[in-house]
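# Structural features, examined
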Amino acid sequence: MGSVLDEILLKVQGDLDARRAHLSFEDLQAKVENTPLPKNIMPTFQGRDVCVIAEIKRRSPSRGDLAPIAEPAVLASMYEAGGAHAISVLTEAHYFNGSIEDLRAVRKTVDVPVLRKDFIVSSYQLFESRLIGADLVLLIVAALEQQALECLIERSYSLGLTPIVEVHELSEVSRAVDAGAKVIGVNNRNLKTLEVNKNQFLELAEFIPSSVVKIAESGIRTAQDLRTYAAAGADAVLVGEALVISDDPGKLVHDLVTAGAHPSVKHH
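Scope of this entry: the structure provided in the associated data block.

Rules of the game
Each chain has its residues counted from 1, following the order in which its sequence is written. Under the rules for a predicted model, residues below a pLDDT of 70 receive no local features and side-chain atom pairs below 80 are neither given nor counted, while totals for whole chains, interfaces and linings still include all residues. In computing side-chain values, all of the structure's heavy atoms are included and hydrogens and water are not. Going along the chain from the N terminus, every DSSP run of H or I of four or more residues is numbered as a helix, and every run of E of two or more is numbered as a strand. Under the scheme applied here, a residue whose accessible area is under 20% of the maximum for its type counts as buried, over 50% as exposed, and between as partly exposed, the area being computed with a 1.4 Å probe on protein chains only. Arc definition: directions from the helix axis to the C-beta atoms. A strand pair is defined by DSSP finding two or more bridges across the two strands. Helix axes are fitted to C-alpha atoms over the stretch in contact, other axes to C-alpha atoms as well, and angles between N-to-C directions run from 0 to 180 degrees. In what follows, residue pairs with any heavy atoms lying within 4.5 Å of each other are defined as contacts. Aromatic pairs are defined between Phe, Tyr and Trp rings, using the six-membered ring for Trp, whenever the two ring centres lie within 6.5 Å; interplanar angles under 30 degrees are classed as stacked, those over 60 as edge-to-face, and all others as tilted. Counting as a charge over the ring demands two things of the Lys NZ or Arg CZ atom: a distance within 6 Å of the ring centre and an angle within 35 degrees of the ring normal. If you view the pair so one helix is near and one far, a crossing is left-handed when the near helix is turned anticlockwise from the far one by less than a right angle, and right-handed when it is turned clockwise. Classification used: nonpolar for Ala, Val, Leu, Ile, Met, Phe, Trp, Tyr, Cys and Pro, charged for Asp, Glu, Lys and Arg, polar for all others including Gly.

## Brief notes about unusual backbone geometry
The backbone phi angle of Leu194 is positive, close to 70°, even though this residue is not glycine. Checked against the element boundaries, Leu194 lands in the loop between β8 (183–187) and α9 (200–204). The backbone of Ser218 sits at a positive phi, close to 80°, despite the residue not being glycine. You can call Ser218 buried: its relative accessible area is 17%.

## As for helix α5 (residues 100–109)
Think of an α-helix as turning once every 3.6 residues; residues three or four places apart then point the same way. Within the sequence span of α5, burial applies to Ile100, Asp102, Leu103, Val106 and Arg107. All buried residues of α5 project into a common sector of 155° when viewed along the axis, lining one side. Looking at α5, the residues exposed on the side facing more than 90 degrees away from the buried face are Glu101 and Lys108.

## A look at the sheet that holds strand β5 (residues 114–117)
Strands sit in the order β1-β4-β5-β6-β7-β8-β9-β10 around a closed barrel of eight strands; the barrel is parallel. Going from strand to strand, the sheet's axes swing by 25° on average, the running direction of each strand aside. By the bridge criterion, five bridges tie β8 to strand β9 (residues 213–217) in an arrangement that is parallel. In the sheet register, Asn187 faces β9, and the bridge partner there is Glu217. The strands touched by helix α7 (residues 146–158) are β6 (136–140) and β7 (162–167); relative to β7, the strand with the most contacts, the crossing angle is about 150°.

## Some points on the packing of aromatic side chains
All chains considered together, the criterion is met by four aromatic pairs. When the centroid spacing of 5.9 Å and the interplanar angle of 45° are considered together, the rings of Phe25 and Tyr124 count as tilted. A residue pair is termed long-range when its members are at least 10 positions apart, and Phe25 in helix α2 (residues 25–32) and Tyr124 in helix α6 (residues 123–132) qualify at 99 residues. Tyr124 gets classed as buried once you look at its relative accessible area, which sits at 2%. Ring geometry for Phe201 against Tyr229: centres 5.6 Å apart, planes inclined by 85°, an arrangement best described as edge-to-face. Linking Phe201 in helix α9 with Tyr229 in helix α10 (residues 223–231), this pair joins segments that are 28 residues apart in sequence. Judged on exposure class, the residue Phe201 and its partner Tyr229 are both buried. Site record: aromatic cluster; members linked through ring pairs are Phe25, Tyr124 and Phe127. Over the ring of Tyr157 we find Lys182, and its NZ or CZ is 4.2 Å from the ring centre.

## Here we look at the side chain of Ser88
Here Ser88 is to be found in strand β4 (residues 86–90). On the accessibility criterion, Ser88 (0% relative accessible area) is buried. Once you skip the residues sitting within four places of it in the chain, Ser88 turns out to touch Ile53, Ala54, Glu55, Ile56, Leu115, Lys117 and Leu238.

## So, the packing of helix α4 (residues 72–81) against helix α12 (residues 249–260)
At a closest axis distance of 7 Å, the pairing of α4 and α12 adopts a crossing angle of 35°. Handedness of the α4/α12 crossing: right-handed. Residues Leu75, Met78 and Tyr79 of α4 pack against Pro249, Gly250 and Val253 of α12. Within the contact of α4 with α12, the residues separate by chemical class into five nonpolar, one polar and no charged.

## A few points about the environment of His168
Structurally, His168 is set in the loop between β7 and α8 (170–178). His168 sits in the buried class, given a relative accessible area of 4%. Along the primary structure His168 and Ala142 are separated by 26 residues, whereas in three dimensions their C-alpha atoms are 8.1 Å apart. Among residues more than four places away in sequence, those in contact with His168 are Ala142, Asn187, Arg189, Asn190, Leu191, Gln200 and Leu204.

Now the structure itself:
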């Protein structure tokens, strides 16, 4: 029996083939030449505060439907007003009910950097990310062979994109570091089983070099969660479900940002 990740990757590949048939790689590359350069989030990540990446997420394979989010740009504006340092937009259609159009709409509305959260397996998707206005992209170690991971990290940087390289077990940390990752996200959710282990970041953070930006992903609901991860070395947290199901997402973002701005929070 294949894992959830394997199922998702099959669908992603099918969608990618369809988009390639519609717009060739050469034509896509030509279009990217006229687009503005992505925003560089690294100085923000490396600053004093623990950054909050607020996510726009309609559904997930583990929880099913979370929120309809008819107007992603409106939610993004609430996140930005709450002080979010970056906004993550799910663009995968089948399992997360996201779209490239969601990211376009968000990019037109906010000034903060935008992360394209998807299952990126080819350079085509990196050029596409540039075209739709993403500043950061997610690269999942579990979804990629080592050579592909190295190539996609290198290509991301050459395009001005900042790759967040996602790991969820110790063997993937060394693969990410070896491949040249400057930003590593530890997903507390195992993509193969969908189980969340909130201690995953705490267990893996010490094995990530201090020069690498560390992001805790999944299972962050409160300011206390942020402080716990910050004390273990997190430079940023990525928050999705807690925000989209909240009655007041802007306030929750603000509370998290405020907790991350406390001078004694960030552990160096």
